[in-house]
Amino acid sequence: MEVTGPAELDLFTPMHLRVLRGSVTADIGDGLKGFVIDTPEARVVDLGTRFAVSAGGANGTQVAVLDGKVEVYESSGDHKDSGPQVTLNEGEGIRIDTLKKPQRLGMVRLNSNARTLRDGSDIDLVSDVWDNRGIGGGNRFYGIVQGGMGIGARAYTTRSNRVWGASPGNIFPKELEGADQICTIPSYRTKPELRLKMLINRPCNLYVLADVSAPAPEWLKSQFTNTGLTVQSGPWWKGSEENEDLVSFYVIYGVWKRRIDRAGTVELGEPQYAGSKNKPAMYGIVVKALP
């Protein structure tokens, strides 16, 4: 476990923890299940995973799954005698207020390794990310990773093995190294009505990494400049595990750039060109402070 303080914890047994305030990231490991974290608003039961729980703040309890799956129960009663309120998979999160009503956790702040939670601060370039939730996103969240962009950085909120890297025959763009990034939601690649917004706190360069297998959408071409740089994400897989016929491949992205001269809200649009029959990968987002 990794704890972010100030924190108040009670460890009852090696498999049962209570968090009254602070943030805990728990990595249970392969083959183990049943680790329990209690908070004033909820009980979280691990099903073999890496997950984070925050408690004691104005938002009540927050739960985010980085790998695997957890079940979330009401704080009162024995979880063995009732079904979970919510089951969360990788890339999903909720917050539970004092009324014990689960709501989608739209974004989480992550440290540079994208494996532990961090608190927000005045130096954050991006303080919030959200979308038009009417598109049916369930409980999926965006991850704001501070200073984590580079070779091996996690690309999306699911499938932690899909990472950013240099495209074939190229070096990784130096202007992206060490920048903040937003791990986006890969399934949104098929959402033509997507509108994604970010609250940016100070001037910066904003980059969108767009799959080159399909034409760039109009909003991207009109608001951003194609730098000519490329990166890749992967490995992705095609084939059938049952037939042992899995083949890995990588997706190539063009790097588009826009200078943001003042703090405020910036909106991005759908990931694919209107009318395109192709289904490109969901774009990535990178933010770097102006020198």
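Preceding this paragraph is the structure being described.
First things first, this report covers the structure right here in the doc.

A look at the pairing of strand 1 (residues 2–13)
Right, on to step 1. One ladder, built from eight bridges, connects strand 1 with strand 2 (residues 16–27); its direction is antiparallel. Within strand 2, the position partnered with L11 by the bridge is L17.

Examining the side chain of E71
Right, on to step 1. Structurally, the position occupied by E71 is in strand 7 (residues 69–74).
Right, on to step 2. Despite its burial, E71 remains without a salt bridge, the nearest opposite charge being carried by K69 at 7.2 Å.
Right, on to step 3. At 2.5 Å, the side chain of E71 forms a polar contact with the side chain of Y73.
Right, on to step 4. The contact partners of E71, leaving out residues within four places of it in the chain, are R43, V44, V45, L47, P84, V86 and T87.

Some thoughts on the nonpolar core
Right, on to step 1. Formed by 46 residues in total, the largest nonpolar core has its most connected members in M198 and L268.
Right, on to step 2. With six residues, strand 17 (residues 204–211) is the largest single contributor of residues to this core.
Right, on to step 3. What M198 contacts, discounting residues up to four positions off in sequence, is V126, D128, V129, W130, I182, L206, G264, T265, V266, L268 and I285.

Thoughts on the packing of aromatic side chains
Any aromatic ring pair is given by two values, namely how distant the centres are and how the planes are angled relative to each other.
Right, on to step 1. According to the stated counting rule, one finds six aromatic pairs in the structure shown.
Right, on to step 2. Consider the rings of Y142 and Y188, whose centres lie 6.4 Å apart with planes at 70°: the pair is edge-to-face. Of this pair, Y142 sits in strand 13 (residues 142–145) while Y188 sits in the loop between strand 15 (180–183) and strand 16 (196–200); the two residues are 46 residues apart in sequence, bridging distant segments of the chain. Taken individually, Y142 and Y188 each receive the classification buried, so the pair is uniform in this respect.
Right, on to step 3. Each ring, one from Y156 and one from W164, has its centre 6.4 Å from the other, and the planes form 40°; the classification is tilted.

Considering the pattern of salt bridges
Two side chains bearing opposite charge may form a pair once their charged atoms approach each other closely.
Right, on to step 1. A complete count under the given rule lists 13 salt bridges for this structure.
Right, on to step 2. Taking the shortest distance from any N to any O, the salt bridge between R195 and E270 comes out at 3.3 Å. Here R195, found in the loop between strand 15 and strand 16, pairs with E270, found in the loop between strand 20 (264–268) and strand 21 (284–289); they are 75 residues apart in sequence, far enough to count as distant.
Right, on to step 3. By relative accessible area, E270 is classed as buried at 14%.
Right, on to step 4. For R259, the salt bridge goes to D261, with nearest N and O atoms at 2.5 Å.
Right, on to step 5. Residue classification places D261 among the partly exposed residues on the basis of a relative accessible area of 48%.
Right, on to step 6. The network of salt bridges with common partners includes R195, K197, E267 and E270.

Remarks on unusual backbone geometry
Right, on to step 1. Following G234, the chain continues into P235 via a peptide bond in cis, with omega recorded as 5°.
Right, on to step 2. Tracing the backbone through its elements, the reader meets P235 in strand 18 (residues 225–238).

Criteria and cut-off values
- Residues numbered from 1 in each chain as written.
- Predicted model: local features only at pLDDT ≥ 70, side-chain atom pairs only at ≥ 80, totals over all residues.
- Heavy atoms only, no water.
- Pairing = 2+ DSSP bridges.
- Helix = DSSP H or I, 4+ residues; strand = E, 2+ residues; numbered from the N terminus.
- Buried < 20%, exposed > 50% of the residue type's maximum accessible area, 1.4 Å probe, protein only.
- Lys, Arg positive; Asp, Glu negative; His and termini not counted.
- Salt bridge = Lys/Arg side-chain N within 4 Å of Asp/Glu carboxyl O.
- Polar contact = N/O pair within 3.5 Å; in protein donor to acceptor, adjacent residues only side chain to side chain.
- Contact = heavy atoms within 4.5 Å.
- Core = buried A, V, L, I, M, F, W, Y, C linked by side-chain atoms within 4.5 Å.
- Phe/Tyr/Trp six-rings, centres within 6.5 Å; stacked < 30°, edge-to-face > 60°.

Honestly, that's just the spatial picture; any functional story needs more than this.
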